[in-house]
Amino acid sequence: MTRQRNPYSDLPAPRFWRRSVSAVERHLLDPVVSAKFTIGRDDRVATAGSCFAQHIARNLQAMGFNYFVAEKPDGLNAAHARALGYGVFSARFGNIYTTRQLLQLFQRAHGAFAPLEDHWLRPDGRYADPFRPNVEENGFATIEALHDDRARHLEAVRRMFRDADVFVFTLGLTEGWRSVHDGAVFPLAPGVTAGEYEATRHEFVNFDVAETVADLRSFLALLRGVNDRVRVLLTVSPVPLIATYEDRHVLTATTYSKSVLRVAAESIVRDHDWVDYFPSFELITGSFNAGMYYEADAREVTGTGVAHVMRCFSKHYLAGGTGSRPDETHALQSPATDQGGGEIVCDEEAIDQVRD
């Protein structure tokens, strides 16, 4: 019997689960169909976002690409510099978990937003920057020292946005804490590592799709205003929430948060020909790998998972990329350490430092 033709008759294999997932060996699955642009070895690539963004930065450096570090230490050895947050991202801003944080970082760097909450006091009596509370491991001795360091930092942030050829941002969370008075969003709740939580000054927020999309659109417009050649690559972190403040299970809270971020990324990519999405989230969380890309805690990503992500990233986005197997390249690092032995830096880990 001759089959009738239908709209799916001539579609390529990637459109079908059986052909592109079920019939493919797990380590060979590649969900990238096309890339809007490629990254050359001389392109300055800046990164920001959640913890998972650090894997891309490390592997770019290991593969000889031009990872752009706009804020560099002066006379510090590598271990000490990393302990102070240098080189973890392209500037010393720590984790940027929400799109509102990213937007406000740009605004603060360009003098368009000056949060009322200027500094936090640490338990040891020293000072912390509310918007990067963990970058100075011993805190600042004086408020003046904090201000001086912040001024240098924001100058580097301006340089990063102005000079980057490619900006990679990993969306991490929708939950956050902000000032009641001016809406300034913090990477950590006041009181976790510094500052003091006050219900009259601080409030919890869980951004929805509309807010997340609006923040991304505003940021991208501002970014193109200072750098009309920049290209942007969005990813969504596959690392679950370490905790939720909402009255629900952390698993369902994670599903909501990641769903919002994925939908927001898709909305932006469809409307901007210079913005693309790379599916690291799908590679790690996909049912095809039967959970093998997570450690025993079902949260941390394994070295094998990172290798799979970077193999696909290299193949499609790096000029001359081959998508080589993990055992054929020195570039693929484990999730916990890089070639220098430094750990992935995640500010939110401090939230779980409580008694069980």
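Participant: Can you tell me about the overall build of the chain, naming the residues and giving the values?
Facilitator: Within the chain one finds nine helices and nine strands. Put simply, 72% of the contacts in the chain that link residues at least 6 apart link residues at least 24 apart. Here the chain has roughly 16700 Å² of accessible surface; of this, 50% comes from carbon and sulfur atoms.

Participant: Tell me about the pattern of salt bridges, and name the residues and values.
Facilitator: Under the counting rule described, the total for this entry stands at 24 salt bridges. Residue Arg150 is joined to Asp129 by a salt bridge in which the shortest nitrogen-to-oxygen separation is 3.2 Å. Of the two residues, Arg150 sits in helix α5 (residues 143-163) while Asp129 sits in the loop between β3 (127-128) and α5, which places them 21 residues apart along the sequence. Since its relative accessible area comes to 1%, Asp129 is described here as buried.

Participant: Before we move on, can you summarise the sheet that holds strand β7 (residues 202-206) with the specific residues and values?
Facilitator: If you trace the three strands from one edge of the open sheet to the other, you get β6-β5-β7, paired in antiparallel fashion. Every interior strand has two partners, whereas the edge strands, β6 (185-186) and β7, have only one. As judged from the two bridges shared by strand β5 (residues 175-179) and β6, these two strands associate in the antiparallel manner. Along β6, the bridge assignment pairs Trp177 with Phe186.

Participant: Which residues make up the packing of helix α4 (residues 99-109) against α5, and what values go with them?
Facilitator: Packing of α4 against α5 brings their axes to within 9 Å, and their N-to-C directions diverge by 110 degrees. The angle between α4 and α5 places the two elements in the roughly perpendicular class. Residue-level contacts link Leu102, Leu105, Phe106, Arg108 and Ala109 of α4 to His153, Leu154, Val157, Arg158 and Phe161 of α5. Across the contact of α4 with α5, the residue classes tally to seven nonpolar, one polar and two charged.

Participant: Account for the sheet that holds strand β8 (residues 231-236), with residues named and values stated.
Facilitator: Spatial strand order, β1-β4-β8-β9: four strands in an open sheet with parallel pairing. The sheet is open, and its two edges are formed by β1 (45-49) and β9 (275-277), each paired on a single side. Sheet twist, expressed as the mean angle between neighbouring strand axes with direction ignored, is 20 degrees. For β8 and β9, the ladder comprises three bridges, and the chain directions are parallel. Along β9, the bridge assignment pairs Leu234 with Tyr277. Running at roughly 160 degrees to β1, helix α2 (residues 53-62) makes contact with β1, β4 (166-171) and β8 of the sheet.

Participant: Provide a residue-level description of the environment of Asp228, including the pertinent values.
Facilitator: With respect to the element layout, Asp228 can be found in the loop between α6 (209-226) and β8. The exposure class assigned to Asp228 is exposed, which follows from its relative accessible area of 63%.

Participant: Give a detailed account of the packing of aromatic side chains, specifying residues and quantitative values.
Facilitator: Applying the stated criterion across every chain, the model contains 18 aromatic pairs. Both rings, one in Trp177 and one in Tyr245, keep their centres 4.7 Å apart while their planes meet at 70 degrees; by these two values the pair is edge-to-face. Taken together, the residues span a long stretch of sequence, with Trp177 in strand β5 and Tyr245 in the loop between β8 and α7 (250-271) at a distance of 68 residues. Given the relative accessible area of 52%, Tyr245 is considered exposed. Plain terms: the ring middles of Phe288 and Tyr293 are 6.4 Å apart, the flat faces sit at 80 degrees to each other, and that makes the pair edge-to-face. Members of the aromatic cluster, joined through ring pairs, are Phe106, Phe161, Phe167, Phe169 and Phe219. Its guanidinium or amino end placed over the ring of Trp274, Arg224 lies 4.0 Å from that ring's centre, counting from NZ or CZ. The aromatic ring of Tyr277 is capped on one face by Arg262, whose charged end is 3.8 Å from the ring centroid.

Participant: Give me the lowdown on α2, citing residues and values where you can.
Facilitator: Summarising burial for α2: nine of the 10 residues are buried, a large majority. Every buried residue belonging to α2 is among Ala53, Gln54, His55, Ile56, Ala57, Arg58, Asn59, Leu60 and Ala62, and all of these are buried. The inward-facing, buried residues of α2 abut β1, α3 (78-83), β4, β8 and α9 (303-317). Two residues or fewer after α2 comes Gly64, characterised by a positive phi angle close to 85 degrees.

Participant: So what's going on with α9? Which residues, and what values?
Facilitator: Given a rise of 1.5 Å per residue, 15 residues ought to cover 21 Å, and the 20 Å separating the end C-alpha atoms of α9 matches this to within 8%. Within α9 the residues assigned to the buried category are Gly305, Val306, Ala307, His308, Val309, Met310, Arg311, Cys312, Phe313, Ser314, His316 and Tyr317. On its buried side, α9 packs onto α2, β8, β9 and α8 (280-285).

Thresholds, definitions, all that
- Residues numbered from 1 in each chain as written.
- Predicted model: local features only at pLDDT ≥ 70, side-chain atom pairs only at ≥ 80, totals over all residues.
- Heavy atoms only, no water.
- Helix = DSSP H or I, 4+ residues; strand = E, 2+ residues; numbered from the N terminus.
- Contact = heavy atoms within 4.5 Å.
- Areas by Shrake-Rupley, 256 points an atom, 1.4 Å probe, with all protein chains shown as cover.
- Salt bridge = Lys/Arg side-chain N within 4 Å of Asp/Glu carboxyl O.
- Buried < 20%, exposed > 50% of the residue type's maximum accessible area, 1.4 Å probe, protein only.
- Pairing = 2+ DSSP bridges.
- Axes fitted to C-alpha atoms, helices over the stretch in contact; angles between N-to-C directions.
- Parallel < 35°, antiparallel > 145°, perpendicular 65-115°, else oblique.
- Nonpolar A, V, L, I, M, F, W, Y, C, P; charged D, E, K, R; others polar.
- Phe/Tyr/Trp six-rings, centres within 6.5 Å; stacked < 30°, edge-to-face > 60°.
- Lys NZ or Arg CZ within 6 Å of the ring centre and 35° of its normal.
- Expected span 1.5 Å × (residues − 1).

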